[in-house]
Amino acid sequence: MKPQSMGQAVLIALALIYLASLYFMSSPVWMGFTINALIVAVVALAWNITGGFGGMASFGHAAMYGTGAYASAILQVQYGINAWIAFAAGIVAGAAMGAFIGALAFRYGLKGSYFALVTLAFAEVLRICASSFAITGGGSGLQLRLDPGLSTLQFNDRTVVYTILLVIVALVMALTAWLKYSRFGAYLIAVRENEDAARALGIDTYRIKVKAMAISGAFAGLAGVLYLQVWLFIDSAVVYGSAVSIEALIGPIIGGAGTVWGPLIGTLGLHLLGEGAKHLLHNAPGLNFVLYAVVLICALRFLPQGLMGLAGRIGTFRKKEDDNA
Amino acid sequence: MLEVRNLSKSFGGLKAVSDASLDVPEGGIVGLLGPNGAGKTTCFTMIAGFTKPNEGTVRFMGQDITGLPPHRICAMGMIRTFQIVQPFAGLTVQENIAVGAYLHHHDRAEAMAVARQVGKRLGMGAMLDRPASSLTIAGRKRLELARALATGAKLLLLDEVMAGLIPSEVSEIVGIIRQIRDEGHTFLMIEHVMQAVMSLAETAYVLNHGKMIAHGTPRELVQDPGVVEAYLGHGAAARLQEGNHA
Ligand SMILES: Nc1ncnc2c1ncn2[C@@H]1O[C@H](COP(=O)(O)OP(=O)(O)OP(=O)(O)O)[C@@H](O)[C@H]1O
Ligand SMILES: [Mg+2]
């Protein structure tokens, strides 16, 4: 989690200064905007586990995000179950969906663009299903009853919401860092770098990949549940739409896939850019996605390791002996 | 330690390996020789579980392991290396070796310590923090061996670890392999470098067109007319004989 160079330290400091400054700005617009960005950052961190460390680029993280959101919403709205339990159930549902998609895709040895297409197909099928069944509220979606309180996990005060989200993002990043430097993380990176060599070294690559999808699915499910608890309303287009899947992958790619800070920094940067462009160009709808596409193409062309990779080359610190770490 | 019986494998119409058998005794260094395309690597992929044989059985330490996946076989103590070296390019040398060490050392600090120790033993102490992608071919071959050793495997299948090395590098690796064997490891090695085979292997098998055509000590094999023909072409043995008499 520690920066490896002056450049990265500056990048991380900028992000932290921005996040801290919201406590002093008292601007509901910026607060609301950043709350959204933090929820997206969680799904970006989810994508980073499989796409960044594992090299399995998904184009359908909405499948797990939406499943988390719907699982929690259905339990609360249709069955009147407590929000905390529904919260946990949403995470579990996201993990289960991730494991299921992974188990199927990897059983048939899907890789690269085939894997991406299958995840996209799953998200689309789920979107259509969610818009046609009664239990998911059909086309009109599901609305949580407004009832602020700790037991319902609804908070009127945006500063409280913001703080909770910051804590959750920090936790997910800490988990990411821990995973990265664990046996599982090393195995996942080995699978990304060279699957045959990984198999030869005793790694059950199928299990590692499915496990990665489950963990990633849990994070994505968490992001979906957070969206539900913050905005109290979901429908199939919002949580299963491809916008979610695109935002999940674009942040890590811009910020630096396979790094701990990259997904957050990329997501914040992109959202700030999109928001800025919106104000400059008077809310032309869909403009942010055009802008994202341009930035993504530039990043893929010129920044193969994202902003963290670029910053990593500026003022490198002396590398410490790994044994002492 | 390893008993391979009547292995066969075809790719489409091509019989890459047919009816090949071999034995590797514990603590031995056994060579597997043969001209290009003879089916040596294919034998390794079958023994190590990367492809299923059409026919035949593989027994390792008394257990039938035919058709088991590579990770199970590796956990039992047998590992293969690759002819075309396969480093994890984005990782450092030490991290590469640690991936092997993680098999039996689940803790990162422990795995990294084992990796350091194995790396130093193979003379890679100065390169541990370098990215694996920066290694020369000799370095990569060594890394391949180091990673395999770090898994704690007892039987190592080495696929041409000396190909592409200059003679001084070859004799270094030969020394290292002999030392590792003396510490209790067993080797089955595919090798084209005759100097290495002659000085390391106690016995060797020769494969040609997928068939085992000879088995013996390296010294016996170089005098075997069938082996000479396989390498140098039909009639070569007879011509050599004439040459010797003249
Ligand atoms: N996956 C495959 N599909 C089709 N043919 C294959 C495959 N693998 C190997 N072969 C063929 O099987 C034969 C044996 O190949 P193999 O790689 O085992 O030879 P080798 O003895 O290792 O040769 P070399 O000394 O060149 O490494 C060759 O004719 C090769 O083209
Ligand atoms: Mg070969």
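Residues numbered from 1 in each chain as written. Chains lettered and ligands numbered in written order. Predicted model: local features only at pLDDT ≥ 70, side-chain atom pairs only at ≥ 80, totals over all residues. Heavy atoms only, no water.

Engineer: Before we move on, can you summarise the overall build of chain A with the specific residues and values?
Structural biologist: Of the regular secondary structure elements, chain A holds 14 helices and two strands. The C-alpha atoms of chain A give 19 Å as radius of gyration, which agrees with the globular expectation for 325 residues (20 Å, within 12%). If one aligns the C-alpha atoms of chain A with their principal axes, the spans along those axes are about 55 × 50 × 40 Å. Burial analysis of chain A (325 residues in total) assigns 53% to the buried set. Long-range pairs, those at least 24 residues apart, make up 78% of the contacts in chain A between residues at least 6 apart in sequence. Carbon and sulfur atoms make up 69% of the accessible area of chain A, which amounts to about 14300 Å² in all. Of note, chain A has its 19 positive side-chain charges centred 4 Å away from the centre of its 13 negative side-chain charges. (Helix = DSSP H or I, 4+ residues; strand = E, 2+ residues; numbered from the N terminus. Rg over C-alpha atoms; globule rule 2.2 N^0.38 Å. Buried < 20%, exposed > 50% of the residue type's maximum accessible area, 1.4 Å probe, protein only. Contact = heavy atoms within 4.5 Å. Areas by Shrake-Rupley, 256 points an atom, 1.4 Å probe, with all protein chains shown as cover. Lys, Arg positive; Asp, Glu negative; His and termini not counted. Charge placed at Lys NZ, Arg CZ, Asp CG, Glu CD.)

Engineer: Describe in detail the side chain of S182 of chain A, supporting the description with residues and values.
Structural biologist: All names here are of chain A. Among the structural elements, S182 can be located in the loop between α6 (158–180) and α7 (183–193). Its relative accessible area of 14% is what places S182 among the buried residues. Side-chain polar atoms of S182 contact the backbone oxygen of L179, separated by 2.7 Å. (Polar contact = N/O pair within 3.5 Å; in protein donor to acceptor, adjacent residues only side chain to side chain.)

Engineer: An account of the site of ligand 1 is needed here, citing residue identities and associated values.
Structural biologist: Residue and element names in this part refer to chain B. The environment of ligand 1 is formed by 13 residues, the closest being G37, K40, T41, T42 and Q83. At 2.9 Å, a side-chain N or O of N36 approaches an oxygen atom of ligand 1. Take G37: an N or O atom from its main chain is 2.8 Å from an oxygen atom of ligand 1. Protein chains shield 61% of the accessible area of ligand 1, which is 640 Å² for the free molecule. Elements with a contribution of two residues or more to the shell around ligand 1: β2 (14–24) and α1 (40–47). If one sorts the elements of the shell around ligand 1 by residue count, α1 sits on top with three residues. When its residues are assigned to classes, the shell around ligand 1 shows four nonpolar, seven polar and two charged. (Near = heavy atom within 4 Å. Nonpolar A, V, L, I, M, F, W, Y, C, P; charged D, E, K, R; others polar.)

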